[in-house]
Amino acid sequence: MPPHPESWLRVTPQGLYCEPGGFFIDPVRPVGRAVITHGHADHARPGHDAVLATPETLAIMRARMGEGAAGAAQQPIRPGEVLEQGGVAIRLAPAGHVLGSAQVVLDWQGSRAVISGDYKRQRDPTCAPFEPVPCDVFVTEATFALPVFRHPPPEAEVAKLLKSLALFPERTHVVGCYALGKCQRLIRLLREAGWDAQIHLHGALASLCRLYEELGVALGPLAPATVANKAALKGAIVLAPPSAVQDRWARRLAEPVVAVASGWMRVRQRAKMRGVELPLVISDHADWDELNRTIDEVGAPEVWVTHGRDDALVHALALRGIRGRALHLVGLGEEDEGPAPEVAEPASAAEGGVQA
Amino acid sequence: MSVPAFAALLERLVFTPGRNAKLALLRDWFATQPDPDRGVGLAALTEELVFTAAKPSLIRDLVAARTDPVLLALSHDYVGDFAETVALIWPVRAGVNTPPPALSEVVEALELTPKPELPALIGGWLDTLDSSGRLALIKLITGGLRVGVSGRLARVALSEWSGKPVEEIEEVWHGVAPPYLALFRWLEGNADKPDPREAPVFRPLMLAHPLEDADVAALRPEEWRAEWKWDGIRVQLTAGPGGRRLWSRGGEDITNAFPEIAEAMEFHAVLDGELLVIRDGVVAPFAELQQRLNRKAVTPRMMRDFPAGVRLYDLLFEGGEDLRPLPFDARRARLEDWVARIAPARMDLSPQIAFGSVAQLAEIRDGARAASIEGLMLKRADSPYAAGRQKGLWWKWKRDPLSIDAVLMYAQRGHGKRSSFYSDYTFGLWRPDGEGGEELVPVGKAYSGYTDEELAWLDRWIRNHTTGRFGPVREVEKSLVLEVIFDAAQLSSRHKSGVALRFPRIARIRTDKPASEADRLDNLMSYVERRAPAEEDAAG
Ligand SMILES: [Zn+2]
């Protein structure tokens, strides 16, 4: 009888720890040995001694943290290659989340755990598609684990953006999107939809776009979004970090239509609270149907949920006889689409005047 | 195709704060949608079409039969709005390839389908739609689209799209019914203007320009007639064999909100006047009229506590006779004669004010301090009743605004273009705190009056002087004085300070004044007027 993964894969304050292998997966604090699923800041943190990840993830880490902080010893491993560490076979499989993202497949004494990191099943022209790997324990995220989250086809969302540009040709369309992954995917989707014009980038997005191009993802003509040149940005698409589209930076654009590309845009109240005029439901995380479909495909009798809406997912799994366990890992879900953006209701700080 | 198209329009409208952008979306709808769906959609947006066949409980039962109760509850808890939860959680049924229904099909089927068959019908529709289509359908059939499209805005969009003047559209609007086929045929130049015949329709109002100092000197007293400018809401009364209607200034039908007025309209005429709360001949402050506005149901108690009346100032039609081409003096004579003859309940004449010189008129204007009077109206004796705002025929001469120096307390971001600026300001005045010291009490909120430069300056100041945050609201250091002007101050039990300001706006930033020297609440209280002038004052 092979050992249950519970006996060799443990939750520690640093994150998930593989005991016989002596390494952590996506640890939140500096450790000796780390396997990193992908380059988002909540999964890839600086200061580890040895780092094992895909070549793309390592390149992203170096670009974001600088050579020194991205792991003293970096070991690239391509999907399919197997590496042994303390009797544990380590292999990476594509996760379809962002460029370089991978699931970590661990085999020990005939028992297998798959740590999926963040993943999605929708098509993404900027990275390899998710590969289901049968296992005994599947470790999953649950960012969008409520049945109200079903991401529509991203092509339809991009069509909405293009329709708005046709309807408001004088207005700058500024789209809030995360710097790593979402931004480049959006650009590729726009190119596929026939948008050949220059796409303007907020300064915070430029370096990762350059890196994607170096890694072989062609993005077409890009230009910096110089807000000083307001007239040139009329009718243009400007991409910016979500925090910038709602603040002073965006107001200097020509009558901006503020769009945000995120899975959270699916719920109207949330989008409205953030003052978004054009919500685009485009996500790099699995939606409710994808989560459930994936769990069924990998056939694991037991599923561990790292972060997100574990209550709903564990309940849905129980209905199908799958044992679900919430790990409550801290520190995850802080970059990219992150936790649900909670905005407090306007406090009635004061009484209003009578308005005619 | 059309429920999804309507859903896409709704979605854009819900998120679009700007009026111009809303107009562009509506024009696009008129230009691209086929009949009868574009008219059905228009009626749904302006809430001319209201359904009652499907109750929210029907939707609740439909979704309950299709989802796990725990997941439904968790989802509802997260989303908040139940209709939206249903639209999002509705499971996709494999193998459904029926096309989604047309809007007109939905409307027709809801009317004809027997009640027991409604759940299957609606469930079947929901299966054919995506989430935004489902949300549109659910909101449509249970009422409550609430997308901020008034009838007036829709008519402006129709005018911009077709090139026909909005006044002409207003005239026929209430004589045509959804799906407005005759209206669209006319707007597209394929038919004559629809004839409303006996139906009560709204006639576009004649509007006044503000009188500037430069215009005052040019006034020749003998050519002008003066009346008080009452602080109520402008209304048009239309009554005849075809029915009775009370229209707001923008042409919205507000008859149901004031049943006592409708009941009193036992005549055949079209009149222009001011809707007011009037007790024993005395006009109450605007705040009291506001109690009656925007209420769905009118209770007998509200009618007793806030009795509505109309002060009449013009007669547009008597019977079928159109008096609008007549000079003002002739219409006034007909109006006085008509009021004397018909003596309608709840209505009286807006008195004319005698004056010998412009200087005397200015004195009368400045002497009026009653909250129910905003200033004077000046009407040219020979002017016809002309729709819209023609310069030089009617003037409004508002008395100077009142002013206080208040302390900025809280700021909030604005909407639309201003959503990145802290542009809504709550300000307060000092009052004794009961322990020998003084405290600030909020007295009002202002969103306007400043220049773009002042707005930018205030925004920066607020960001640099924030002391606390509650959601989108920032509390600031109590150190900036703003000169706030307003039209009137009224007692109000709904406000912490006990007083409400009418139309407050920022006049100046007083960086020269320390906060401790801002006004006291007592200063503001001295502006509060509880009494409207009696008739004899007005006639003087
Ligand atoms: Zn991620």
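Residues numbered from 1 in each chain as written. Chains lettered and ligands numbered in written order. Predicted model: local features only at pLDDT ≥ 70, side-chain atom pairs only at ≥ 80, totals over all residues. Heavy atoms only, no water.

- Looking up chain B in an unreviewed UniProt entry gives the name DNA ligase (ATP), with the organism given as Roseicella aerolata.
- Quoted verbatim from the Catalytic activity (unreviewed entry) heading of the UniProt record, the comment on chain B is "ATP + (deoxyribonucleotide)n-3'-hydroxyl + 5'-phospho-(deoxyribonucleotide)m = (deoxyribonucleotide)n+m + AMP + diphosphate." (UniProt positions renumbered as here; feature names shortened; annotations may be inferred.)

- The name given to chain A in an unreviewed UniProt entry is Ligase-associated DNA damage response exonuclease, with the source organism recorded as Roseicella aerolata.

### Considerations on the overall build of chain B
Turning to step 1, where the next piece is worked out: Of the regular secondary structure elements, chain B holds 21 helices and 21 strands.
Turning to step 2, where the next piece is worked out: Each principal axis of the C-alpha distribution contributes one length, and for chain B these read about 80 × 65 × 45 Å.
Turning to step 3, where the next piece is worked out: In chain B, buried positions account for 54% of the 540 residues.
Turning to step 4, where the next piece is worked out: Long-range contacts, defined here as pairs at least 24 residues apart, represent 69% of the contacts in chain B between residues at least 6 apart.
Turning to step 5, where the next piece is worked out: Surface accessibility of chain B: about 23300 Å² in total, with carbon and sulfur atoms responsible for 50%.
Turning to step 6, where the next piece is worked out: Across chain B, the 69 positively charged side chains and the 78 negatively charged ones have centroids separated by 2 Å. (Helix = DSSP H or I, 4+ residues; strand = E, 2+ residues; numbered from the N terminus. Buried < 20%, exposed > 50% of the residue type's maximum accessible area, 1.4 Å probe, protein only. Contact = heavy atoms within 4.5 Å. Areas by Shrake-Rupley, 256 points an atom, 1.4 Å probe, with all protein chains shown as cover. Lys, Arg positive; Asp, Glu negative; His and termini not counted. Charge placed at Lys NZ, Arg CZ, Asp CG, Glu CD.)

### So, the interface of chain B and chain A
Turning to step 1, where the next piece is worked out: Each side of the interface is counted separately: chain B has 55 residues, and chain A has 49 residues.
Turning to step 2, where the next piece is worked out: Between chain B and chain A the total buried area reaches about 4500 Å² when both faces are included, carbon and sulfur atoms providing 58% of it.
Turning to step 3, where the next piece is worked out: When the buried surface of chain B facing chain A is broken down by residue, Arg12(B), Phe15(B) and Tyr78(B) rank first, second and third, together holding 19% of it.
Turning to step 4, where the next piece is worked out: Scanning the region where chain B abuts chain A turns up 3 salt bridges. (Buried area = accessible area lost by both parts, 1.4 Å probe. Salt bridge = Lys/Arg side-chain N within 4 Å of Asp/Glu carboxyl O.)

### As for the domain arrangement of chain B
Residues and elements named next belong to chain B.
Turning to step 1, where the next piece is worked out: In terms of domain boundaries, chain B breaks down into domain 1 (2–142), domain 2 (206–398) and domain 3 (402–525).
Turning to step 2, where the next piece is worked out: Domain 2 and domain 3 are separated by 34 Å when their C-alpha centres are compared.
Turning to step 3, where the next piece is worked out: Of the residues lining the interface, 10 residues belong to domain 2; the matching set on domain 3 comes to 6 residues.
Turning to step 4, where the next piece is worked out: Roughly 590 Å² of surface becomes buried between domain 2 and domain 3 when both sides are summed, with 43% attributable to carbon and sulfur atoms.
Turning to step 5, where the next piece is worked out: Seen at the junction of domain 2 and domain 3, the total is 2 salt bridges.
Turning to step 6, where the next piece is worked out: Across the pair Arg-502 and Asp-231 runs a salt bridge whose closest N-O atoms are separated by 2.4 Å.
Turning to step 7, where the next piece is worked out: By residue number, the principal contributor to the side of domain 2 that touches domain 3 is helix 15 (residues 286–290), which donates 3 residues.
Turning to step 8, where the next piece is worked out: Of the residues assigned to the side of domain 2 that touches domain 3, the class counts are 4 nonpolar, 2 polar and 4 charged. (Domains from an automatic or database assignment. Nonpolar A, V, L, I, M, F, W, Y, C, P; charged D, E, K, R; others polar.)

### Thoughts on the sheet that holds strand 1 (residues 9–12) of chain A
Residue and element names in this part refer to chain A.
Turning to step 1, where the next piece is worked out: Pairing within the open sheet is mixed, and its 6 strands lie in the order 1-2-3-4-5-6. One side of each edge strand has no neighbouring strand; the edge strands of this open sheet are strand 1 and strand 6 (73–76). Adjacent strand axes in the sheet meet at a mean angle of 30°, parallel and antiparallel pairs treated alike.
Turning to step 2, where the next piece is worked out: Inspection of the sheet shows strand 2 (residues 15–18) paired to strand 3 (residues 23–25) by 3 bridges, in the antiparallel sense. Looking across to strand 3, one finds that Leu-16 is bridged to Ile-25. (Pairing = 2+ DSSP bridges. Axes fitted to C-alpha atoms, helices over the stretch in contact; angles between N-to-C directions.)

### Observations regarding the domain arrangement of chain A
All names here are of chain A.
Turning to step 1, where the next piece is worked out: For chain A, the domain assignment lists domain 1 (5–148 + 284–326) and domain 2 (154–280).
Turning to step 2, where the next piece is worked out: Summarising the inter-unit geometry, the C-alpha centres of domain 1 and domain 2 are found 29 Å apart.
Turning to step 3, where the next piece is worked out: Between domain 1 and domain 2 lies a buried interface of about 1600 Å² when both sides are counted; carbon and sulfur atoms form 64% of it.
Turning to step 4, where the next piece is worked out: Our count for the domain 1 to domain 2 interface comes out at 4 salt bridges.
Turning to step 5, where the next piece is worked out: Salt-bridge contacts for Arg-185 lead to Asp-124; the nearest nitrogen and oxygen are separated by 3.9 Å.
Turning to step 6, where the next piece is worked out: The tally of links from domain 1 across to domain 2 stands at 9 residue pairs in polar contact (both at pLDDT 80 or more).
Turning to step 7, where the next piece is worked out: Among the residues forming the side of domain 1 that touches domain 2, the class breakdown is 8 nonpolar, 5 polar and 6 charged. (Polar contact = N/O pair within 3.5 Å; in protein donor to acceptor, adjacent residues only side chain to side chain.)

### Things to note about the pairing of strand 11 (residues 137–142) of chain A
Residue and element names in this part refer to chain A.
Turning to step 1, where the next piece is worked out: Taking burial as the measure, the 6 residues of strand 11 include 6 buried ones, the bulk of the element.
Turning to step 2, where the next piece is worked out: With burial as the criterion, each face of strand 11 is covered, one bearing Val-137, Val-139 and Glu-141 and the other bearing Phe-138, Thr-140 and Ala-142.
Turning to step 3, where the next piece is worked out: In this sheet, strand 11 lies alongside strand 10 (residues 111–115) in parallel orientation, the contact comprising 3 bridges. In the strand pairing of strand 11, Ala-113 is matched with Val-137.

### Some remarks on the nonpolar core
Turning to step 1, where the next piece is worked out: Of all hydrophobic cores here, the largest spans 121 residues; its most connected members are Phe138(A), Trp249(A), Phe6(B), Leu45(B), Ile122(B), Leu158(B) and Leu183(B).
Turning to step 2, where the next piece is worked out: The element contributing the most residues to this core is helix 1 (residues 2–15) of chain B, with 9 residues.
Turning to step 3, where the next piece is worked out: With 35 residues, the next largest nonpolar core counts Val158(A), Leu211(A), Leu219(A) and Ile237(A) among its residues. (Core = buried A, V, L, I, M, F, W, Y, C linked by side-chain atoms within 4.5 Å.)

### Side note on the pairing of strand 14 (residues 422–432) of chain B
All names here are of chain B.
Turning to step 1, where the next piece is worked out: With 9 of 11 residues buried, strand 14 lies mostly within the body of the structure.
Turning to step 2, where the next piece is worked out: Where strand 13 (residues 402–413) meets strand 14, 6 bridges bridge the pair, whose relative direction is antiparallel. Across the sheet, the residue bridging to Arg-413 is Tyr-422, located in strand 14.
Turning to step 3, where the next piece is worked out: The pairing of strand 14 with strand 15 (residues 438–446) spans 8 bridges and is classified as antiparallel. Residue pairing across strands places Phe-427 opposite Gly-444, the latter belonging to strand 15.

### Here's the deal with the confidence of the model for chain A
Residue and element names in this part refer to chain A.
Turning to step 1, where the next piece is worked out: Per-residue pLDDT for chain A has a mean of 90; in total, 93% of the residues score no lower than 70.
Turning to step 2, where the next piece is worked out: At the low end of the mean pLDDT range in chain A sits helix 6 (residues 248–251), at 77; at the high end sits strand 9 (residues 102–108), at 98.
Turning to step 3, where the next piece is worked out: Long-range and interchain partners of residues 339–356, a stretch whose pLDDT sits below 50, account for 51 contacts in this model, where long-range means more than four residues apart. (pLDDT = per-residue confidence, 0-100.)

### A few points about the packing of aromatic side chains
Turning to step 1, where the next piece is worked out: This model, assessed by the stated rule, comprises 20 aromatic pairs over all chains.
Turning to step 2, where the next piece is worked out: An aromatic cluster is built from Phe144(A), Phe149(A), Trp264(A) and Tyr78(B), whose rings are joined through pairwise contacts.
Turning to step 3, where the next piece is worked out: We note Arg171(A) situated over the ring of Phe168(A); from NZ or CZ to the ring centre the distance is 5.1 Å. (Phe/Tyr/Trp six-rings, centres within 6.5 Å; stacked < 30°, edge-to-face > 60°. Lys NZ or Arg CZ within 6 Å of the ring centre and 35° of its normal.)

### Considerations on the pattern of salt bridges
All names here are of chain B.
Turning to step 1, where the next piece is worked out: Considering all chains together, one arrives at 67 salt bridges over all chains under this definition.
Turning to step 2, where the next piece is worked out: Across the pair Glu-188 and Arg-38 runs a salt bridge whose closest N-O atoms are separated by 3.0 Å. Of this pair, Glu-188 sits in the loop between helix 12 (181–187) and strand 1 (209–210) while Arg-38 sits in helix 3 (residues 37–45), and the two are 150 residues apart along the sequence.
Turning to step 3, where the next piece is worked out: Judged by relative accessible area, Glu-188 falls into the partly exposed class, the value being 39%.
Turning to step 4, where the next piece is worked out: With a closest N to O distance of 3.3 Å, Asp-337 and Arg-341 form a salt bridge.

### Things to note about the packing of helix 1 of chain B against helix 9 (residues 131–142) of chain B
All names here are of chain B.
Turning to step 1, where the next piece is worked out: Contact pair helix 1 / helix 9: the axes reach a minimum separation of 8 Å and the direction vectors enclose 85°. Taken together, the axis directions place helix 1 and helix 9 in an arrangement best described as roughly perpendicular. Taking contact as the criterion, the partners of Val-3, Phe-6, Ala-7, Leu-10 and Glu-11 in helix 1 are, on helix 9, Ser-132, Gly-133, Ala-136 and Leu-140. (Parallel < 35°, antiparallel > 145°, perpendicular 65-115°, else oblique.)

### Focus: helix 4 (residues 203–214) of chain A
All names here are of chain A.
Turning to step 1, where the next piece is worked out: Turning to helix 4, its buried residues number three or more, namely Leu-205, Leu-208, Cys-209, Leu-211 and Tyr-212. When helix 4 is viewed along its axis, its buried side chains cluster within an angular range of 160° and face the same direction. When the buried face of helix 4 is taken as reference, the exposed residues oriented beyond 90 degrees from it are Gly-203, Arg-210 and Glu-214.
Turning to step 2, where the next piece is worked out: Where the residues of helix 4 are buried, they touch helix 1 (55–65), helix 3 (182–192), strand 13 (199–201), strand 14 (222–224) and strand 15 (237–240).
Turning to step 3, where the next piece is worked out: Phi turns positive one or two residues past the end of helix 4, at Gly-216, with a value near 100°. (Arc of directions from axis to C-beta.)

### Regarding the side chain of Ser159(B)
Turning to step 1, where the next piece is worked out: Within the secondary structure, Ser159(B) is located in helix 10 (residues 151–162).
Turning to step 2, where the next piece is worked out: Filtering out sequence-adjacent residues up to four positions away, Ser159(B) remains in contact with Lys164(B), Pro165(B), Val166(B) and Ile169(B).

### So, the sheet that holds strand 11 of chain A
All names here are of chain A.
Turning to step 1, where the next piece is worked out: As summarised here, the arrangement of the 7 strands in space is 7-8-9-10-11-18-19, forming an open sheet in which the pairing is mixed. Edge positions in the sheet fall to strand 7 (82–85) and strand 19 (323–326), since each of these pairs with one other strand and no more. Mean inter-strand twist for the sheet, computed between neighbouring axes without regard to direction, equals 25°.
Turning to step 2, where the next piece is worked out: Helix-sheet contacts for helix 8 (residues 288–298) involve strand 11 and strand 18 (302–308), and the interaxial angle to strand 11 is about 175°.

### Examining unusual backbone geometry
Turning to step 1, where the next piece is worked out: The omega angle of the peptide bond from Asp35(B) to Pro36(B) is 0°, so this bond is cis rather than trans.
Turning to step 2, where the next piece is worked out: Mapped onto the secondary structure, Pro36(B) falls in the loop between helix 2 (19–32) and helix 3.
Turning to step 3, where the next piece is worked out: Residue Pro179(B) is reached from Pro178(B) by a cis peptide bond, and omega for that bond is 0°.
Turning to step 4, where the next piece is worked out: For Pro179(B), the position within the fold is in the loop between helix 11 (166–173) and helix 12.
Turning to step 5, where the next piece is worked out: Residue Gln109(A) is not a glycine yet carries a positive backbone phi of 50°.
Turning to step 6, where the next piece is worked out: Mapping Gln109(A) onto the fold places it in the loop between strand 9 and strand 10.
Turning to step 7, where the next piece is worked out: Relative accessible area serves as the criterion here: at 55%, Gln109(A) is assigned to the exposed category.

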